[in-house]
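# Chain and residue survey
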Amino acid sequence: MNVVVVESPAKAKTINKYLGPGYKVLASFGHVRDLPAKDGSVLPDQDFEMLWEVDGASQKRMKDIADAVKSSDGLFLATDPDREGEAISWHVLDLLNKKRVINGKPVKRVVFNAITKKAVLDAMAEPRDIDVPLVDAYLARRALDYLVGFNLSPVLWRKLPGARSAGRVQSVALRLVCDRESEIERFISEEYWNLSAILTTPRGDEFEARLVTANGKRLQPRSIGNGEEAGKLKALLEGAAYVVDTVEAKPVKRNPSPPFTTSTLQQAASSKLGFSASRTMQVAQKLYEGVDIGGETVGLITYMRTDGVQMAPEAIDASRRAIADQFGNRYLPEKARFYSTKAKNAQEAHEAIRPTDFDRSPDRVRKFLDADQIRLYDLIWKRGIASQMASAEIERTTVEILADNAGQKAGLRAVGSVIRFDGFIAAYTDQKEDGEQSDDNDDEDGRLPEINARENLAKQKINSTQHFTEPPPRYSEASLIKKMEELGIGRPSTYAATLATLRDRDYVTIDKRKLVPQAKGRLVTAFLESFFTKYVEYDFTADLEEKLDRISAGELNWKDVLRDFWRDFFAQIEDTKELRVTNVLDALNEALAPLVFPKREDGSDPRICQVCGTGNLSLKLGKYGAFVGCSNYPECNYTRQLSSEGGTEAESNGLNEPKALGTDPVTGEELTLRSGRFGPYIQRGDGKEAKRASLPKGWKPEDIDYEKAMALISLPRDIGKHPESGKMISSGIGRYGPFLLHDGSYANLETVEDVFTVGLNRAVTVLAEKQSKAGGGSRSGTPAALKDLGAHPDGGGSITVRDGKYGPYVNWGKVNATLPKGTDPQAITVEEALALIVAKAGKSGGGKPAKAPAKTKTAAAASKATKTAAKPKAKAAAKAPAAKAKTAKTTKKSAE
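Residues numbered from 1 in each chain as written. Predicted model: local features only at pLDDT ≥ 70, side-chain atom pairs only at ≥ 80, totals over all residues. Heavy atoms only, no water.

## Side note on the overall build of the protein
Within the protein one finds 26 helices and 32 strands. Taken across its 896 residues, the protein has 49% of its residues classed as buried. In the protein, once contacts between residues fewer than 6 apart in sequence are set aside, the share between residues at least 24 apart is 65%. (Helix = DSSP H or I, 4+ residues; strand = E, 2+ residues; numbered from the N terminus. Buried < 20%, exposed > 50% of the residue type's maximum accessible area, 1.4 Å probe, protein only. Contact = heavy atoms within 4.5 Å.)

Written out as structure tokens, the structure is:
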């Protein structure tokens, strides 16, 4: 019996069926060990020794693997076919050697690009040894990320309170987003005009032609800069006679794009399906690992972390057969197409992302997949098959027209395109993103009527339209990934994680699918650009990525790369120890001037305090981050929150002195409108016991009067007793917006105004609708289920998604696992829920979830297990010096 180690339990189950009784397939559940999230896990002074740690859950899994290997004939390491997969195999083997269970048994590494029986059996027939250079590249990358995260982040905490972390790739990606925001702020819109004529042929057909020349001068785009100039040209066209000069029709061929890579899949899924990068990878992972197709579990796509654009020869042959069968021989080119990537630092060791079987069309597998899976599979199948189809044949017609008005001449042009043969477009067309034209959407000018050279045309109308240039668009996740790939920053496996880190740190938010840098993110970027310039430069980061790739190829020694990096980086860190906070603030004031000192409508100096008139405004650093304050403090205590939307609104909201609004008739305390670091708020009374209420989103300070202030400060508002339970229904505004509360159950209200106006009948209806959607709810205070995922496959018992006090979570029995920030509760899958439950059960001391809710460990037992496991760490921390103990508190969140 041979032991085979893969990464996921789903993959283990499928592969075990393929290999039969002579093999035992076990899952590592990803990485089995990692660097502890504390200072001292990488030791530069000891030749970059790395101290690894195995968590509780992984210890149990490694014990199962070790026990199986003891009685086996050999070991096959079959983790994923990339750098991370190679590293997991290396970790597993290293731990097994330390447990002394290998004892001369043969150990082989196998890789397969698809979870199909043929791919797995072929790989098992051609094993190899672990790729040492690939492991070295992983070690170098892991050490670099650790050294940057755990040395640069503490500098941020000391010099820039409120900052969360910095990372080798994360910080450069954030800089891209912030630089684009700066471009938008500096952008000055310019006026321009476009002119066109609606003309009619002798046969009565209308078409539109654009003005391209005037009085012998070629007009460049946006060269007509004002209405006066446009008016003169319009007058010329209004009185002109029109004749066709030339008509030229040219055949144009449009070629298909290559199959998907990781980044192009994420971009297409964003523009066509509205998927985030992380959602795309979650769905693709499931398609890769296998789906039950009529009783057989089979992987539907090849490995989804790749920058290769070429398909295997057998896949090309299969796609060509499918094209002939499903589209006809006319759509099959004479020869197969071969692609090479244009991405910087790309490695083409792996195939592009493609279907494992082109005969398995989307229609054939639709009934076996959920909504997200079929949409993504449909995209991958169509792009893959289109990549081997015939070119689209397009006839592009260009008509040049002469306009003559008493000797004043102008030239107009009309362009039309007609698809003579759709070719690959019959299967797949690209879609534009962020206002950029994709290859397949160029020249979509429509069809022109019959137009002949030298014939006269009749003028119907002259159009003169005013336009203004627009700033570059903010990045979307897709366009940021595209830019990172172009610059050679990051790798396919890191894009989604990097973007998730930026969101989790509150450095960026997503608004209408656009990445909006927050004030905190812009401060971090400005600080790094000012004092760690080299390490957020695009070329430097890309060069480092290239060195890591050269390590993978065996061309560089990984420790030499680390030594070169650490020497300069450590010196830079040491230099910042003498950095004064005033130096930091001066640099940030200059770098972030448009954000910190927005222009004022009256044209006055935005750096002069509007309250005292003599003080200079400047960034200040407080316990909770940065804000704007007056230099005359404490005589002038003007402060203003630093707004990520630009400071204009924050400036107008600044209330240096409390504004009296009236007196509460019940308590006799004064109501005042004030401004704090987190925005304007209402306060009743004075001192620590004073009640406060922040202004809801959309409420402006200048609109607040006594009635609104009283309504807000009096929340929660009692609406009336529920006719069935007899218990009070109340309304209020909470963390997630306006709500109704009844007997421990919450229901959302649509607007803030509903909080103050909703009546008893409507409130009862809203609560009933919420209970109906949730499948009942609970009167004991347990939140109603948002989604029922069915029974646990191993232990039984229902798995549900619920919304609690601290956000949505997965519930199974007594196990509650919080959903990652930004996860859509309605989009969570059973597989994702099971992974969260396993992780939560492991953290709580149980190691794995019980077989059924009734057998789940009690909270007390789990707590006891956790405390017992923590005792050795507590003793170690007590022995450490105070400075080291403080550093040891650093959490894994500070690393990239």
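## Quick word on the packing of helix α8 (residues 262–273) against helix α9 (residues 277–289)
Orientation of α8 relative to α9, taken along the N-to-C sense of each, is 110 degrees, at an axis distance of 9 Å. Between α8 and α9, the angle falls in the class roughly perpendicular. For the pair α8 and α9, the crossing hand works out as right-handed. Residues Thr-262, Leu-265, Gln-266 and Ala-269 of α8 touch α9, and the partners they reach there are Ala-277, Thr-280, Met-281 and Ala-284. Looking at the contact of α8 with α9, its residues break down into five nonpolar, three polar and no charged. (Axes fitted to C-alpha atoms, helices over the stretch in contact; angles between N-to-C directions. Parallel < 35°, antiparallel > 145°, perpendicular 65-115°, else oblique. Left-handed = near helix turned anticlockwise from the far one by under 90°. Nonpolar A, V, L, I, M, F, W, Y, C, P; charged D, E, K, R; others polar.)

## A word on unusual backbone geometry
Looking along the chain, the bond that leaves Leu-715 and enters Pro-716 is cis, with omega of 5 degrees. Topologically, Pro-716 is positioned in the loop between α21 (706–713) and β25 (717–721). Although it is not a glycine, Asn-103 sits at a positive phi angle of roughly 50 degrees. Given the relative accessible area of 65%, Asn-103 is considered exposed. Phi is positive for Lys-512, which is not a glycine, with a value near 55 degrees.

## Some thoughts on the state of the cysteines
In total, this model carries zero disulfides according to the counting rule given. No disulfide involves Cys-630; its sulfur sits 3.7 Å from the nearest other cysteine sulfur, which is in Cys-612. Not part of a disulfide, Cys-636 finds its nearest cysteine sulfur in Cys-609, a span of 3.8 Å. (Disulfide = S-S within 2.5 Å.)

## Points about helix α12 (residues 371–386)
Along an α-helix, a turn takes 3.6 residues, which lines up residues three or four apart on a common side. Along its 16 residues, α12 runs 23 Å from first to last C-alpha, staying within 8% of the 22 Å computed at 1.5 Å per residue. A large share of α12 lies buried, amounting to 13 of its 16 residues. Among the residues of α12, the N-terminal cap falls to Asp-370, whose side-chain oxygen and the backbone nitrogen of Asp-372 are separated by 3.2 Å. (Expected span 1.5 Å × (residues − 1). Polar contact = N/O pair within 3.5 Å; in protein donor to acceptor, adjacent residues only side chain to side chain.)

## Re the side chain of Lys-11
Along the chain, Lys-11 falls in helix α1 (residues 9–19). Of the residues examined, Lys-11 reaches a relative accessible area of 1% and is grouped as buried. A polar contact is formed between the side chain of Lys-11 and the side chain of Asp-80, at a distance of 2.4 Å. Not counting residues up to four positions away in its chain, the partners in contact with Lys-11 are Val-6, Asp-80, Phe-112, Ile-115 and Tyr-288.

## Comments concerning the pairing of strand β23 (residues 679–684)
The element β23 is extensively covered by neighbouring structure, given that six of its six residues are classed as buried. Between β23 and strand β24 (residues 691–694), which pair antiparallel in sequence order, lie six residues; one of them, Gly-685, sits at a positive phi of approximately 85 degrees. (Pairing = 2+ DSSP bridges.)

## Section: the nonpolar core
In terms of nonpolar packing, the biggest core is built from 162 residues, with Leu-96, Leu-376 and Phe-527 touching the most fellow members. Among the elements that make up this core, the one with the highest residue count is helix α5 (residues 132–159) (14 residues). The residues touching Leu-96, leaving out its near neighbours within four places in the chain, are Met-62, Ile-65, Ala-66, Val-69, Leu-75, Val-101 and Ile-102. With 27 residues, the next largest nonpolar core counts Leu-219, Ile-224, Ala-240 and Tyr-242 among its residues. (Core = buried A, V, L, I, M, F, W, Y, C linked by side-chain atoms within 4.5 Å.)

## Some details on the packing of α5 against helix α17 (residues 558–575)
Contact pair α5 / α17: the axes reach a minimum separation of 10 Å and the direction vectors enclose 5 degrees. Here α5 lies roughly parallel to α17, going by the angle between them. Facing Asp-136, Leu-139, Ala-140, Ala-143, Leu-144, Leu-147, Val-148, Asn-151, Leu-152 and Val-155 of α5, the residues of α17 in contact are Trp-558, Leu-562, Phe-565, Trp-566, Phe-569 and Ile-573. Among the residues forming the contact of α5 with α17, the class breakdown is 14 nonpolar, one polar and one charged.

## Side note on the environment of Arg-320
Position of Arg-320 relative to the elements: it lies in helix α10 (residues 313–326). Here Arg-320 falls in the buried class, since its relative accessible area comes to 16%. Considering only alpha carbons, one finds Arg-320 and Ile-385, 65 residues apart in sequence, at a separation of 7.9 Å. Engagement of the side chain of Arg-320 in a polar contact is seen with the backbone oxygen of Pro-333, the distance being 3.0 Å.

## Notes on the sheet that holds strand β6 (residues 107–109)
Each strand in a sheet pairs with another by means of backbone hydrogen bonds, the pair being arranged parallel or else antiparallel. Spatial ordering of the open sheet is given by β2-β1-β5-β6, a layout of four strands whose pairing is parallel. The sheet is open, and its two edges are formed by β2 (23–27) and β6, each paired on a single side. Along the sheet, successive strands turn relative to each other by an average axial angle of 20 degrees, direction set aside. One ladder, built from three bridges, connects strand β5 (residues 74–77) with β6; its direction is parallel. Opposite Leu-77, over in β6, you have Arg-109 as the bridge partner. Contacts from α1 reach β1 (2–6) and β2, with the element oriented near 170 degrees to β2.

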